Amino acid sequence: MTEIRLDLMVEGKKRTYTQDFVPYRKALDYSEGEAKLWKKQGNKTIEPSAIDLAKYRAEFVAGLFEGQDLTGDMIIDGIDSENKDVIMDIVLYRVLGYEKPTEDEVEADPKEEI
């Protein structure tokens, strides 16, 4: 099992949250919850706003840390903006079980080639 780790600023102090067990049910819960954010309107599918998705994902990740006083708002307020991708990394690679691409598989940034 890979430990989940979140480093947040809480009330002006750095606080680290860890969780090493994530039941498979959480993967099912995530998929079901995100699907509910997509709305049908006639033949059209209305996608949720980026803000609604970010809030849902932060709240979901907070719920992974059982027995710890952590909320989605604490994550949104406490995570450094440079590290916001950690939320999706937790969801994709730890909860849903996707494999993280190796450095060889990641496409180079075209701006860096100039």
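The structure displayed is predicted, hence computed values, not measured ones. (Residues numbered from 1 in each chain as written. Predicted model: local features only at pLDDT ≥ 70, side-chain atom pairs only at ≥ 80, totals over all residues. Heavy atoms only, no water.)

A.B. asks: Before we go on, may I ask you to explain the pairing of strand β2 (residues 13-19) in this structure?
C.D. replies: A regular strand carries its side chains on alternate faces of the sheet. Examined bridge by bridge, strand β1 (residues 4-10) and β2 share seven bridges and lie antiparallel to one another. Paired with L8 across the bridge in β2 is R15. As consecutive antiparallel partners, β1 and β2 are separated by two residues, and within that stretch E11 has a phi angle of approximately 55 degrees, a positive value. (Pairing = 2+ DSSP bridges. Helix = DSSP H or I, 4+ residues; strand = E, 2+ residues; numbered from the N terminus.)

A.B. asks: What's the story with the side chain of Q19 in this structure? I'm lost.
C.D. replies: Note on placement: Q19 falls in strand β2. A distance of 3.0 Å separates the side chain of Q19 from the backbone oxygen of F21, its partner in a polar contact. Sequence-distant contacts of Q19, defined by excluding residues within four places in its chain, comprise T2, E3, I4, L64, F65, E66 and Q68. (Polar contact = N/O pair within 3.5 Å; in protein donor to acceptor, adjacent residues only side chain to side chain. Contact = heavy atoms within 4.5 Å.)

A.B. asks: Please clarify how the pattern of salt bridges should be interpreted in this entry.
C.D. replies: Side chains that differ in charge, positive against negative, can pair when their charged atoms come close. One pass over the structure, following the stated rule, counts three salt bridges. With a closest N to O distance of 3.6 Å, K100 and D89 form a salt bridge. Residue K100 is located in the segment after α4 (85-95), and its partner D89 is located in helix α4; the two are separated by eleven residues in the primary sequence. Using a relative accessible area of 26% as the deciding quantity, one classes D89 as partly exposed. (Salt bridge = Lys/Arg side-chain N within 4 Å of Asp/Glu carboxyl O. Buried < 20%, exposed > 50% of the residue type's maximum accessible area, 1.4 Å probe, protein only.)

A.B. asks: Would you take a moment to explain the nonpolar core for this structure?
C.D. replies: Where a protein is soluble and globular, its nonpolar side chains tend to be buried together. Core analysis: the largest hydrophobic core is formed by 22 residues, its most contacted members being L6, V61 and I75. Mapped onto this core, the elements with two or more residues apiece are β1, α1 (24-37), α2 (50-64) and α4. With six residues, α2 is the single largest residue contributor to this core. Those residues in contact with I75, other than ones at most four positions away along the chain, are L6, L8, A58, V61, A62, L70 and I87. (Core = buried A, V, L, I, M, F, W, Y, C linked by side-chain atoms within 4.5 Å.)

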